Amino acid sequence: MQSLGGRSLDWVDGAVLMVDQTRLPDSYETLRIESVPDMVAAIRRLSVRGAPAIGVAGALGVVLAMQAHGTSGEGLDSAVAFLRQARPTAVNLARMVDRVAALAGQGIDRALREALRIRDEEIAASISMGEYGADLVLELVNKPSARAMTICNTGGLATIERGTALAVIQTLHERGSLAEALALETRPLLQGARLTTWELGRMGAPHRLLVDSAAPFMLARRQADVVLTGADRVAANGDTANKIGTFSLALGARNAGVPFIVVAPESTLDFETPDGQSIPIEDRDGDEVVSVRTATTAPENTRAANPAFDITPVSLITAIVTDRRVVRLDRGDNLDSVPLGELRSPHAEL
Ligand code: MRU
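Owing to the predicted nature of the structure, the values given are computational and were not obtained by experimental measurement.

### Let's talk about the pairing of strand 6 (residues 207–210)
By the bridge criterion, four bridges tie strand 5 (residues 178–184) to strand 6 in an arrangement that is parallel. By the bridge assignment for strand 6, Ala183 is matched with Leu209. Since strand 5 and strand 6 lie parallel, the crossover through helix 7 (residues 191–203) that links them has a hand, and here it is right-handed.

### Observations concerning the site of the ligand
Around the ligand, a shell composed of 16 residues is seen, among which Arg49, Arg87, Asp232, Asn242 and Lys243 lie nearest. Arg49 has a polar side-chain atom sitting 2.5 Å from an oxygen atom of the ligand. When the ligand sits alone it has 410 Å² of accessible area, and the protein chains cover 99% of it. One can see that the ligand is located within the largest cavity. Elements represented by at least two residues in the shell around the ligand include exactly helix 2 (51–69) and strand 9 (240–243). For the shell around the ligand, a count of residues per class yields six nonpolar, six polar and four charged.

### Observations concerning the sheet that holds strand 1 (residues 9–12)
Across a sheet, paired strands are connected by hydrogen bonds in the backbone, their directions being either parallel or antiparallel. Taken in spatial order, the three strands line up as 1-2-3 in an open sheet, and their pairing is antiparallel. Unpaired on one side and paired on the other, strand 1 and strand 3 (30–33) mark the two borders of the sheet. Put simply, the sheet's adjacent strands are angled 25 degrees from each other on average, direction ignored. Bridging between strand 2 (residues 15–19) and strand 3 involves four bridges; their strand directions are antiparallel. Considered in strand 3, the bridge of Val19 is made with Thr30. Running over the sheet, helix 2 touches strand 1, strand 2 and strand 3 and is turned about 25 degrees from strand 1.

What counts as what
Residues numbered from 1 in each chain as written. Predicted model: local features only at pLDDT ≥ 70, side-chain atom pairs only at ≥ 80, totals over all residues. Heavy atoms only, no water. Pairing = 2+ DSSP bridges. Helix = DSSP H or I, 4+ residues; strand = E, 2+ residues; numbered from the N terminus. Right-handed = clockwise from strand over helix to strand, strands pointing away. Near = heavy atom within 4 Å. Polar contact = N/O pair within 3.5 Å; in protein donor to acceptor, adjacent residues only side chain to side chain. Areas by Shrake-Rupley, 256 points an atom, 1.4 Å probe, with all protein chains shown as cover. 1 Å grid on protein atoms, 1.4 Å probe; cavity = no way out; pocket = protein on both sides within 12 Å on 5 of 7 lines; lining within 4 Å. Sits in = over half its atoms within 2 Å of the grid points. Nonpolar A, V, L, I, M, F, W, Y, C, P; charged D, E, K, R; others polar. Axes fitted to C-alpha atoms, helices over the stretch in contact; angles between N-to-C directions. Contact = heavy atoms within 4.5 Å.

Structure follows, in structure tokens:
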């Protein structure tokens, strides 16, 4: 098996190599994706998932489209359109597809350079979010170490390396300031149980797993000092789309007076979408609800609703941490009032 050197996906020998996240934690397998239809299928079945990671997958997918269809024409246009709509909620996918497709006329080498630049920007952003976020957590909890609750998977698997909310947890751990991470299992597809615990284990961080419905009670019992989540899209007013269950978690945090922090790169902020109502929410197959992995959990023909994401209103968010700034909503900041600051990464020259 070819190695990805700890990354979730990369460009290797003219194709995209990715960790098949549907197989974790049972087995670590990589997939080699050589065509746009295969990339769209991988994105839809969540072999690659997480907003920044599908943004990079889409960017590299445009290069695959150019390998098949050249630098212009109907074939390329329809492959690009097919890619950009593979999943609707995370703004990163369409945005990064568009960014690379806009350069198609300049040739495949130029397009590949741009896609790899997007990959490198996301790696640098993850390092920087970790630093900004860890500083904020320690300021808010006012203790030498923090207990952090988190939902879904926001680690290196969901970006390229390190992650968003989980990058903050990793940075706290590396600083000796993580007392415990509490991961929500994240039904229906168990990204928290399968992927976040796998990543926390690999980083040697202390952690426990919770069923989703335990979160508000655990917060009310003061079992966590802070909640950290990622985002699939942050609207201009700060309303945030993230994995289904995030809204309930935010309500639980507000009830308990626990800070609720959204961690997302600037590439996930969408100033063209005014508020949460305007964010498209992906509805997935009901089969995911009436089963857990291979086991059926409901009577045959049970109908299910399966929104993959929800919207947390800005009024429930304490702060939004990006790779370039901390927006303290609790202090009256908003996304327009806080200017971009430095990228806190060794790759800041990007
Ligand atoms: O359906 P998924 O697994 O792609 O959902 C992912 C999330 O909701 C993450 O929290 C989000 O992408 C932000 S973290 C990179």
